[in-house]
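Topology and contacts: notes
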Amino acid sequence: MHRFDCGAVLFARGYDINKRKGPGHPHTIPIFAGFWFLGLTYGIYMHAAGFSFWYPMLMSLTIFAGSVEFVAVNLLLGAFNPLQALAMAVLINARHLFYGISMLDRYRGTGWKKLYLIFGLCDESFSINYTATIPAGVDKGWFYFFVTLLNHLYWFTGATLGGIFGSLLRFNTEGLDFVMTAMFVVIFLDQWLKDTAGSKQRASVPAPETQQDALPQPDAGQAEGVPPRRPRGNRPRAARLAAYLQPHASALLGLGLSLLCLLAFGADNFLIPAMLAILLAVTLLRRPLDKGGDKP
Amino acid sequence: MTLPQQILTIGMVVLGTALTRFIPFLLFPVGKPTPRYIQYLGRVLPAAVFGLLVVYCLRSVSLLTGTHGLPELIAIAVVIALHLWKRQMLLSIAGGTVVYMLLVQLVF
């Protein structure tokens with residue numbers, strides 16, 4: 001994601017971004033709009049749930065992780081269960097672990113700023129700082145710092161204003177809570193499309209084993225006399241379906257195991273069993289799931 | 001929930017979030033390869049967790065009573081259609097939410 005680079009560079013150099021936002025920098029507008037849209041909605045959402053603006057204000061400041069803040073509203077409305085809150089925060093944010101691993105080198109030698117950089121390592125900070133090319137003459141520590149700070153400010157101001165002005169809204173907010181569902185459906189769909197694209201990319205690399213690996217039970221297939229390297233078009237429908245679903249196995253496990261746990265444990269208690277079931281399943285299924293997943 | 005309980009809950013979320021961000025910098029020194037199991041989890045966990053979160057959002061929907069989950073189903077279909085069409089995250093979220101609000105306020 002490069003759309004934020006220009007703004008951050010100008011900011012790091014002390015320019016006024018707004019004066020420089022000519023046709024050359026149209027891309028700083030959507031990201032600002034994005035933070036404000038979600039931040040404002042979050043604030044209004046918290047207001048509609050019965051919380052004063054102090055909650056979105058302090059939570060956006062201290063947590064600074066959009067998705068888990070939406071979930072935290074629900075945790076606050078449910079029964080007191082601090083352990084579940086901790087587990088939920090760790091699991092929802094588990095992806096940050098991998099952002100951190102990717103940023104180990106980049107954030108080295110940034111001095112005192114490093115603490116803040118790590119604290120503010122949200123999706124947006126990561127995607128911008130990971131992909132940004134630091135221009136010559138700009139200190140990388142300050143560059144990263146201002147990207148993180150701007151993200152933090154956008155989110156914080158959006159959430160706080162949403163919390164304050166939520167009370168002024170005259171329209172019926174019933175159903176606004178669906179914004180959280182919609183957000184996660186979009187994130188889930190994005191991940192699904194990414195997995196599809198990733199598997200297609202791998203399939204286009206000539207690797208004779210790949211197709212055979214995609215079959216669910218190659219041994220059973222061979223026992224029935226199916227040649228292991230049949231051309232793609234002749235493969236049985238079940239095998240093609242399996243090959244299509246293989247890159248989505250993790251997504252499907254997440255949906256399926258969560259649904260099972262929801263049925264078994266009920267809406268109030270299914271989260272922790274579901275998280276454990278997912279962790280156990282991906283650990284046990286590591287061999288089949290890890291195939292072809294290695295990044296070069 | 002009392003105020004101290006709320007503060008503790010939010011504190012736990014802050015702690016959990018910060019843990020996920022700080023642990024790599026504490027555990028994996030620069031220059032040493034990350035354990036393969038951790039790398040593997042990094043590849044497969046996000047998709048599963050997003051699936052869990054979708055189910056979590058819909059945990060209170062009852063298929064047998066009330067509206068039978070129809071407003072949710074329709075709105076999710078709108079979100080998916082909008083997103084496959086335009087791939088604009090905010091448009092998909094806003095569009096689906098507006099449709100859902102109209103459905104629960106005016107139709108169901």
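Residues numbered from 1 in each chain as written. Chains lettered and ligands numbered in written order. Predicted model: local features only at pLDDT ≥ 70, side-chain atom pairs only at ≥ 80, totals over all residues. Heavy atoms only, no water.

1. A look at the overall build of chain B
For clarity, the cut-off: The numbering of helices and of strands both runs from the N terminus, where a helix is a DSSP run of H or I of at least 4 residues and a strand a run of E of at least 2. Radius of gyration means the value over C-alpha atoms here, while the globule rule gives 2.2 Å times the residue count to the 0.38 power. Relative accessible area decides the class of each residue, using a 1.4 Å probe on protein chains only: under 20% of the type maximum gives buried, over 50% gives exposed, and in between gives partly exposed. In what follows, residue pairs with any heavy atoms lying within 4.5 Å of each other are defined as contacts.
Across its full length, chain B carries 4 helices and 0 strands. Along chain B, helices (α) and strands (β) appear in the sequence α-α-α-α when read from the amino end. For 108 residues, the compact-globule estimate of 2.2 N^0.38 gives 13 Å, and chain B exceeds it by more than 25% at 20 Å. The C-alpha extent of chain B, read off along each of the three principal axes, is 60 × 45 × 25 Å. Here chain B, with 108 residues, has 44% of them falling under the buried criterion. A separation of at least 24 residues holds for 33% of the contacts in chain B among residues at least 6 apart in sequence.

2. A closer look at the interface of chain A and chain B
Operational definition: Buried area, as used here, totals the accessible surface that two parts lose on assembly, with accessibility defined by a 1.4 Å probe and the loss added over both. Should a side-chain nitrogen of Lys or Arg be within 4 Å of a carboxyl oxygen of Asp or Glu, the pair is scored as a salt bridge. Pairs of N or O atoms are called polar contacts if they sit within 3.5 Å, as long as, within protein, a hydrogen donor faces a hydrogen acceptor (for residues adjacent in sequence, only side-chain-to-side-chain pairs). Three classes are used, and their members are as follows: Ala, Val, Leu, Ile, Met, Phe, Trp, Tyr, Cys and Pro are nonpolar, Asp, Glu, Lys and Arg are charged, and the others, Gly among them, are polar.
If you look at the interface, chain A gives 94 residues, while chain B gives 64 residues. Note on chain A versus chain B: buried area summed over both sides is about 7200 Å², and carbon and sulfur give 78% of it. Three residues, A:Phe80, A:Leu104 and A:Phe178, lead the burial of chain A against chain B; their summed loss comes to 10% of the area buried on that side. Run the count over chain A and chain B and you get 0 salt bridges. One can count 15 residue pairs in polar contact (both at pLDDT 80 or more) joining chain A with chain B. No other element matches the 16 residues that helix 11 (residues 178–204) of chain A contributes to the side of chain A that touches chain B. Looking at the side of chain A that touches chain B residue by residue, the class counts come to 64 nonpolar, 18 polar and 12 charged.

3. A few points about helix 2 (residues 36–57) of chain B
All names here are of chain B. Heads up, the condition is: Helix span, expected: 1.5 Å multiplied by one less than the number of residues in the helix. To get the bend at a residue, fit one axis to the 7 residues ending there and another to the 7 starting there, then take the angle between the axes.
A rise of 1.5 Å per residue sets the reference length of helix 2, with its 22 residues, at 32 Å; its end C-alpha atoms lie 32 Å apart and thus fit the reference within 8%. At Leu45, helix 2 shows its largest kink, close to 40°, and the proline Pro46 lies no more than four residues downstream. Of all 22 residues in helix 2, 17 are buried, a share of seventy percent or more.

4. Looking at the side chain of A:Thr181
Mapped onto the secondary structure, A:Thr181 falls in helix 11. The residues touching A:Thr181, leaving out its near neighbours within four places in the chain, are B:Cys57, B:Leu58 and B:Ile76.

5. Structural notes on the confidence of the model for chain B
What counts here: Each residue carries a pLDDT score, the predictor's confidence in it, ranging from 0 to 100.
When pLDDT is averaged along chain B, the result is 89; 99% of the residues meet or exceed 70. Across the interfaces of the predicted complex, the ipTM metric reaches 0.88, alongside a pTM of 0.72.

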